[in-house]
Amino acid sequence: MHPLGAFFIFYMERYSVINEKNPREIVLLRGKGCVYKKCTFCDYHTDCSPNDSENLSLNKSVLERVTGIYGDLEVINSGSVFELDGDTLSLIKKICREKGIGTIHFESHYIYNDKIKSLREDFKDFDIKMKLGLETFDFNFRENVLHKGIREKNPEIIAENFDEANILFGISGQTLQSMENDILLGLKHFERICVNIMCENTAKVNPDTNVIEKFIKHLYPKYKENNRIDILINNTDFGVGD
């Protein structure tokens, strides 16, 4: 789950501009939905439709709002970029060419790891930044609590085809040490990371206010100025943090 996506869906808003840290435009598009659907903390996959033509119509209306103001576009959807229809992908390329956008950020689950090379080739005219929904480097917590479905343990191998990563904090069982370890490993193996704070949804895993308070008190002040980290304290941050 991406808290930003949850905010977009709740308020029926699918376009925004991030003007502060890492400035870019961001769009929430709709596809057939996440094929994995096993993450215990996520209900984001409910934003989907099996109808490609209806998805394309919606996505077109969202992409038409893109201006190219920063030459940088982040595309998210309720799952992975590979679950968007082909016409929507073609439209993304068309809009980015027209608006002078050189950098495009896409998200993907690790199950599509072997498809990333071909996506980069398809978008070879652009600087593609692939973001992984990693959540944590702690293998036991990631697979036995969050059920992420990333069986690889080696951080270098995990990051091999990805440029960025989502990290999730605010869940029972996480400690200051484990959270800071995730931040440090994220900065070591990825160009940038996005720290998401768990928010209420309909999934099995709920936020732990004690863990969140520890992060805000001890780690947020330490890393909030780091230009390689986006921090979403709550859903209204739009990926900016401070």
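A brief structural summary. Just so we're clear, the structure is a prediction, and the values are computed from it rather than from any experiment.

Calculation notes
- Residues numbered from 1 in each chain as written.
- Predicted model: local features only at pLDDT ≥ 70, side-chain atom pairs only at ≥ 80, totals over all residues.
- Heavy atoms only, no water.
- Helix = DSSP H or I, 4+ residues; strand = E, 2+ residues; numbered from the N terminus.
- Rg over C-alpha atoms; globule rule 2.2 N^0.38 Å.
- Buried < 20%, exposed > 50% of the residue type's maximum accessible area, 1.4 Å probe, protein only.
- Contact = heavy atoms within 4.5 Å.
- Areas by Shrake-Rupley, 256 points an atom, 1.4 Å probe, with all protein chains shown as cover.
- Lys, Arg positive; Asp, Glu negative; His and termini not counted.
- Charge placed at Lys NZ, Arg CZ, Asp CG, Glu CD.
- Axes fitted to C-alpha atoms, helices over the stretch in contact; angles between N-to-C directions.
- Parallel < 35°, antiparallel > 145°, perpendicular 65-115°, else oblique.
- Left-handed = near helix turned anticlockwise from the far one by under 90°.
- Nonpolar A, V, L, I, M, F, W, Y, C, P; charged D, E, K, R; others polar.
- Salt bridge = Lys/Arg side-chain N within 4 Å of Asp/Glu carboxyl O.
- Phe/Tyr/Trp six-rings, centres within 6.5 Å; stacked < 30°, edge-to-face > 60°.
- Lys NZ or Arg CZ within 6 Å of the ring centre and 35° of its normal.
- Expected span 1.5 Å × (residues − 1).
- Arc of directions from axis to C-beta.
- Core = buried A, V, L, I, M, F, W, Y, C linked by side-chain atoms within 4.5 Å.

The secondary structure content of the protein chain amounts to eight helices and eight strands. Taking 2.2 N^0.38 as the reference for a compact globule, 242 residues should give roughly 18 Å; the C-alpha atoms of the protein chain span a radius of gyration of 17 Å, in line with that estimate. Across its three principal directions, the C-alpha atoms of the protein chain cover 45 × 35 × 35 Å. Going through the 242 residues of the protein chain one by one, you find that 56% of them count as buried. Contacts in the protein chain between residues at least 24 apart in sequence constitute 74% of all its contacts with a sequence separation of at least 6. Carbon together with sulfur atoms contributes 48% to the accessible area of the protein chain, which is approximately 10800 Å² in total. Across the protein chain, the mean location of the 31 positive side-chain charges is 2 Å away from that of the 38 negative side-chain charges.

All right, on to the packing of helix α7 (residues 176-189) against helix α8 (residues 209-223) then. Packing of α7 against α8 brings their axes to within 10 Å, and their N-to-C directions diverge by 40°. On the basis of their axis angle, the class for α7 and α8 is oblique. Handedness of the α7/α8 crossing: right-handed. Contacts between α7 and α8 involve L176, M179, E180, I183 and L184 from the first element and V211, K214, F215, H218, L219, K222 and Y223 from the second. Considered class by class, the residues forming the contact of α7 with α8 number eight nonpolar, one polar and three charged.

Right, let's get into the pattern of salt bridges. As enumerated under the stated definition, the model contains 18 salt bridges in all. Between D163 and R120 there is a salt bridge, with its nearest N and O atoms 3.0 Å apart. Pair noted here: D163 is in the loop between α6 (155-158) and β6 (164-169) and R120 is in helix α4 (residues 116-122), with a separation of 43 residues, a long-range link. By relative accessible area, which is 12% here, D163 ends up buried. We note a salt bridge from K129 to D127, for which the minimum N-O separation is 3.7 Å.

Now for the packing of aromatic side chains. The full count for this structure, using the stated rule, is six aromatic pairs. Centroid distance Y110 to F162: 6.2 Å. Interplanar angle 25°. Geometry classified as stacked. Of this pair, Y110 sits in the loop between β4 (103-108) and α4 while F162 sits in the loop between α6 and β6; the two residues are 52 residues apart in sequence, bridging distant segments of the chain. For the pair Y110 and F162, one class covers both residues: buried. Among the aromatic side chains, those forming a connected cluster through ring pairs are F106, F123 and F126. In this structure, K93 is placed above the aromatic ring of F123, and the distance from its NZ or CZ to the ring centre is 5.1 Å. The positively charged end of K153 is found above the aromatic ring belonging to F139, 4.7 Å away from the centroid.

Glancing now at helix α2 (residues 52-63). Relative to the 16 Å expected for 12 residues at 1.5 Å per residue, α2 spans 16 Å between its end C-alpha atoms, a close match to the ideal helical length. Buried residues of α2: N55, N59, V62 and L63, and no others. One face of α2 carries all of its buried residues, which in axial projection span an arc of 90°.

Most often, soluble globular proteins have nonpolar side chains that are buried together. Of all hydrophobic cores here, the largest spans 50 residues; its most connected members are I92, I104, F106 and F215. Ranked by residues supplied to this core, first place goes to α8 with six residues. For I92, the contacting residues outside a window of four places in its chain are L29, L63, V75, L84, I104, F106 and F123. With 16 residues, the next largest nonpolar core counts I26, L146, L168 and V205 among its residues.

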